[in-house]
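Structural features, examined
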Amino acid sequence: MKELDLIKSSNDKKDYKYLKLSNGIAVLLIHDPAVAEALAAEDGKQAMDVSEDGEQQSGSGSGSGSDDDEDMSGSGSEEGSSGSEEDEGEESDEEEAGGKKGKKQKGQMAGSKKAAAAMAVGVGSFSDPSEMQGLSHYLEHMLFMGSDKFPDENEYDAYLSKHGGSSNAFTELEFTNYHFEVAPAHLEGALDRFAQFFVAPLFKAGALEREVQAVDSEFSGVLQSDHSRLAQLMCHTSKAGHIYNKFSWGNLASLWSQPRAAGIDVRQRIIDYYRAQYGPARMSLVLLGGQPLDQLESWVRQLFDAVPQGVAGPPPAFSDAGMPFEGRVLYVAPAVKEHHEVTVTFQLPCLRPLYASKPDHYISHLVGHEGPGSLLAALKARGWAIELCAGVDDDGYSANTAAYLFTVSIVLTEAGLAAGPGCGLAPVALLFQYLRLLTETGPQAWVWQEIAAIAGMKFRFAEEEDSCDLVTRLASNMSWVAPQHLLAAEYLHEEWQPEKVAELLQCMQPASSSFRIDLLTKSYAAVQQQLQEAAADPTSWLSSGDSSSSSRVQGFTEPWFKMDALLVKLPDSLTGGWAESAVADDLALPPPNPYIPSDFELKTDGSTAAAAAAAAADSKQLLAAVAPWMLVGGAAAAEAQPEMLLAAPPAMLLDEPGLRLWHKLASSYQQPRACAYFRLAGPAAAASAVAAVLGALWMRLVEEALAEDAYLADVAGLHCSCSSEGAAGFELRVDGFSHKLGLLAGRVFEALAGCKVRPHTFPAVHEQLLRRYRNAMLQPGKAAAALRLQCLAGGPHWSADELAAALEQVKDVAEVQAFASQFLSCCHMEGLTIGNITAKEAEALARSLRTTLSQQGGAAGATNGSSSSSRDVKLLAADDRLVEQCVVLPSGVALLHKAAARNPEEENCCVEAYYQIGMSTDLRLRVLTDLMDQVLYEPVYDTLRTKQQLGYSVSSGARLTHGVCGFCVVVVSPAFSAAEVEGRIEAFLQDFAGTLQAMPQEEFGRHKAALASNKLQKDTALAQEADRAWEQVFNARYEFICKEQEAALLQSITLAELQQFYATHVAPSSAQRRKLTVRVIPNRQGKATAAAAAQGAEKGDKQQQQQQHVQHEHGMVEPNSPRQGGKHIVGAEVVTAGCGAAAEQQNGDAAAAAAAAAGSPGSRQLQAKRQRRQQAEEQPAEAAAAAGGGEVDAAALLAPGVQLQVVSDPVQFKQGRERYPGYCTVVPQLAQQQ
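Given the structure is predicted, the values throughout are model-derived calculations rather than measurements.

**Some remarks on the overall build of the protein chain**
Regarding its fold elements, the protein chain presents 43 helices and 27 strands. The burial tally for the protein chain puts 63% of its 1234 residues in the buried class. If you take every contact in the protein chain between residues at least 6 apart in sequence, the share linking residues at least 24 apart comes to 84%. With the model as given, the accessible surface of the protein chain reaches about 42300 Å², and the carbon-plus-sulfur share is 51%.

**So, the pairing of strand β3 (residues 115-121)**
Here β3 lies mainly inside the structure; 7 of its 7 residues are buried. By the alternation rule, side chains of β3 split into Ala115, Ala117, Met119 and Val121 and Ala116, Ala118 and Ala120, which are all buried. Sheet topology places β3 next to strand β5 (residues 176-182); 7 bridges connect them, and they run antiparallel. Across the sheet, residue Met119 finds its bridge partner in β5, namely Tyr178. Note that β3 and strand β6 (residues 283-289) share 6 bridges and pair antiparallel. By the bridge assignment, Ala117 is partnered in β6 with Leu287.

**Comments concerning the sheet that holds strand β11 (residues 515-521)**
One open sheet accounts for 7 strands, arranged β9-β10-β8-β11-β7-β13-β12; its pairing is mixed. The sheet is open, and its two edges are formed by β9 (385-392) and β12 (553-558), each paired on a single side. Within the sheet, the average angular offset between the axes of one strand and its neighbour, ignoring direction, is 20°. Two elements, strand β8 (residues 340-348) and β11, share 7 bridges in a ladder whose sense is antiparallel. Its bridge partner being in β11, Thr345 is matched across the sheet by Arg516. Where helix α15 (residues 425-441) meets the sheet, it contacts β8, β10 (404-412) and β11, and its direction lies at approximately 40° from that of β8. Contacting β7 (329-334), β11, β12 and β13 (563-569), helix α19 (residues 524-536) crosses the sheet at an angle of about 30° to β13.

**Topic: the environment of Asp192**
Along the chain, Asp192 falls in helix α6 (residues 187-199). Sequence separation between Asp192 and Tyr156 is 36 residues; the distance between their C-alpha atoms is 9.4 Å. Side chain to side chain, Asp192 and Lys149 meet in a polar contact 2.8 Å long.

**A few points about helix α31 (residues 978-997)**
A turn of α-helix holds 3.6 residues, and therefore any two residues three or four places apart point the same way. Under the 1.5 Å per step criterion, the end-to-end length of α31 is 29 Å for 20 residues, consistent within 8% with the ideal 28 Å. Of all 20 residues making up α31, 15 are buried, and the element is well covered by its neighbours.

**Some words on the sheet that holds β5**
Read from one edge to the other, the open sheet built from 6 strands follows the order β1-β2-β6-β3-β5-β4, with strand pairing classed as mixed. Here the strands that pair on one side only, and so sit at the sheet edges, are β1 (15-20) and β4 (166-171). Here the average twist between neighbouring strands, direction ignored, is 10°. Running over the sheet, α6 touches β3, β5 and β6 and is turned about 160° from β5.

**Overview of the nonpolar core**
Tyr138, Phe198 and Phe304 are the most contacted members of the largest nonpolar core, which totals 86 residues. Those residues within four positions of Phe304 in sequence are excluded, and the remaining contacts are Leu21, Asn23, Ile25, Met119, Leu191, Phe194, Ala195, Phe198 and Leu285. Leu631, Ala728, Tyr1038 and Val1226 belong to the second largest nonpolar core, which has 71 residues in total.

**Regarding the packing of helix α30 (residues 923-947) against α31**
Between two packed helices, the angle of one axis relative to the other and the distance separating the axes together describe the packing. At a closest axis distance of 11 Å, the pairing of α30 and α31 adopts a crossing angle of 130°. On the basis of the axis angle, α30 is oblique to α31. Here α30 runs over α31; the crossing is right-handed. In contact with Val935, Leu936, Pro939, Val940, Thr943 and Leu944 of α30, α31 contributes Arg984, Ile985, Phe988, Leu989, Phe992 and Leu996. Of the residues belonging to the contact of α30 with α31, the class tally is 10 nonpolar, 1 polar and 1 charged.

Definitions and limits used
- Residues numbered from 1 in each chain as written.
- Predicted model: local features only at pLDDT ≥ 70, side-chain atom pairs only at ≥ 80, totals over all residues.
- Heavy atoms only, no water.
- Helix = DSSP H or I, 4+ residues; strand = E, 2+ residues; numbered from the N terminus.
- Buried < 20%, exposed > 50% of the residue type's maximum accessible area, 1.4 Å probe, protein only.
- Contact = heavy atoms within 4.5 Å.
- Areas by Shrake-Rupley, 256 points an atom, 1.4 Å probe, with all protein chains shown as cover.
- Pairing = 2+ DSSP bridges.
- Axes fitted to C-alpha atoms, helices over the stretch in contact; angles between N-to-C directions.
- Polar contact = N/O pair within 3.5 Å; in protein donor to acceptor, adjacent residues only side chain to side chain.
- Expected span 1.5 Å × (residues − 1).
- Core = buried A, V, L, I, M, F, W, Y, C linked by side-chain atoms within 4.5 Å.
- Parallel < 35°, antiparallel > 145°, perpendicular 65-115°, else oblique.
- Left-handed = near helix turned anticlockwise from the far one by under 90°.
- Nonpolar A, V, L, I, M, F, W, Y, C, P; charged D, E, K, R; others polar.

Laid out in structure tokens, this is it:
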């Protein structure tokens, strides 16, 4: 087929080819020179691997692991900043496992450049049959479970993990996307295994129930997600019979028990669905590699021409379905998190044909604006709102062939919830006033031209995208975007169509029936009472002047999430009043954007020729310029001498009291972008929990003061942020197009030093921060990680509860201003400038910003908003900054901390098993930890998640906590007790010791090659390199070339050395192991357990057989610890390892009885298990007491003499314990002046 002329960025060096296979599959091939470079490097290391052909023909694979997303050294993030913004709230995803609504998502190191492929199949949840809702999602899971050519269920994932790859999939409403990435040299083998998903999947009968359990666990994981609850509420309340009226997740009931009860053969139904819905005409494939396009095409034709034609035609379209919702209705539902959010949803026709002009973007740009005159500015001025987001989301619920849903979501303050008639309706009224302003002023060409200019600028200088993200996005869009527009579709603004904008605005008027309002509120009971009282009052806003007001409020329960909700029919008097309201005086169109850059010149520090030579220098030339101080271990560390350098490290330009500056002119990216990051550290930040919250308030108030400026800059591609990092100080970031970066950085520091606050700002910011502290521990996985860090932090560290209590003591902004003045009077600033900025410019910027802090420090203490003169400040030296430390866990003791889940409705337990290894100043120790992670990752997932079905969220990975290496296994489970989960983790680790002992040298070599490949991947974008370097600067490690050193040292690691390392630090039989387990105990009976209890006898017998098989295979006994009913275990108990009579006597009669019940065979075993869990729910105190002695399942695997100690109070536990020394491997030195 003739190659198409794809519109691409001038910075895009990739080659593309679009074609269609003979069976109808649309294909986009991408040759990436950066991947070709990595491929060439891999070709020189093939001696460490077996031949590609041998692996392709194997048809099976041994489990092996891939790097976790938190590699300890060189690129991963340091854990444990006490009281930091990261620890504060619900937005943080630190260490959370899981991903999209798909099978799984493994991480990789930042900057990895892999080969990748994605297949989008044009069928999704809209096509689910009513008798098996969630079938498309279930089918997505089953395609991973083996094929005719590769029948082993784990073959695909094992192959990828052995070669530095990963995989994922997700089910949307109109398509399903499967994708993977892999080391470039192994693309063909991965593609072969991937193609079999669509050629001849097996749908093994033995995998059906296990995978439906995985789907069910996945659903259990979102039961307490406000976003997911709102999505399902909207589906449930859509018009009867509409395609939106579905349950797209699926669970055990919808996919297994109900169909089987109705006589449906589940396996045959899923096969029939696959054959009817999956066909080449619905498939879009994107393949990215380093091979020539002809080679990629040959592979695609060879592997995907075999996809059978089947009966599925083109992707189904739902343009005739009509709008999904009844209009002018308010729905109210309880929020899980401590917040209130009102969402107005406008139903629009499908806008896909208008992707090249984007009329909806014009409206979202203005409604979502945060500058002067904006809706959000007006809401904040009234004290009603904290955040606002507007537009059509890019998910299937919001954008599909049936309708586009334009949503305006407003996070409310308490005042915003109560204002006007209540229920968050006063902010909604202001929204309609702003829409009236847009309608009356008419579409403005200058606004669209500004939007188009910014989009064109961003496309022209588009940065390199991650390979897997790129192919996933392109494959998802191929079915509805013209081939020549595939790369540019999201940036295109080809034609100004004011009439289309006007048409959409007419659909967004209060008199129309196109909108619905949803309110999620933590004050559900109060709002419900308010509505009931209004309905009973004929003079209230809810009255329509007749006797039918009481019927306007109706209660109901959403059946899948079991969520109570209210339906409120809005009276014409209310919506009519909105339509007639005059536009508020403080609402206006935004001003022209002053931050749009116009200077895109690429800077040089010398002649153009010299700069070009530096950009073209190969890695060995760069290595020659490495200063000896940069080497971890010094020049004497012969085994860790790097053989190459990925990028030149930054140089230290300044090192003086109060200021240290690092700089690099990064010309190799050929981008007019720069990053300027700064850390402010001082003793005031670590003084107390009150100081920590005052610092957090300070940063929030600065962001509020900058909000209008920062939004304009953000629209123009220039970003800034201010965050509190607890005792470590504060982080300030400015990055984006370099032309006006200095201007924005100056305004950030002026706001920081001045701490001037608008009257309405402090109460709203205080309320928002308090919510974040209260929400911080709601998710079991995040709670477990936070509790572990609390146990390990050797310096100042405060829990979310302590921070919330401290914040409640802060009553006035003057306290924040006094803290800011105190902090600035004695602090140190360290910065990194990298990108399109010269050394001279960087030094001038840093000195100017430091002067701003010193000169205006007194203004932070002014309470009347006036400036004060320069004040005396102490310029803190870098060496005087606080050094955070980590607690040394005792050797030969297994520590256990238990805590109740914070959410009273939580059904999932979480177990985080942490194994402390030692100081990462020992480079060999950290490389062994990374290699162990590489070897373990896939077997952990395959055994605990895929085979044993402990839960959907199962992960393992290396951890770096204040410079100390560790390893974690994390499981979030809806179906098993925490004790049971920990026992299975320990049993797996014990079994894996034998697997590691039997590992062939060839397989070990593949793991080493995969880890080395990950460590030696170049950064593909400036932000990646900047973030990697900043991690070293912020934590004062300065190990800029540690990845290269680790890759060099990795070559000398032997299998025997790894085996001994594992046996010492992780294996349960070790007498030297340092282990801490955190268990988060749910407050309610697990949904899956309740469902199992409701099954018939046949179902129960089958589950017994499966459980007994798992127990026999892994040497397990039925666990004997019930769920604890949400109570902390009081006191510290020591349990001797073993499970015989002595252990029973020591642990109490209750534990002995439980152990006896657990050991009984047949139905009594399951009955006892159910009874214990029922008792745990009904009698939480008794269950908590019994649980104190129920750990014999885990203790039985411990080495003789090793003790199990329950930690009741992390703060008390740490008192008097040894700390690891402060982290220091290199001493930075100033760059030599030229």
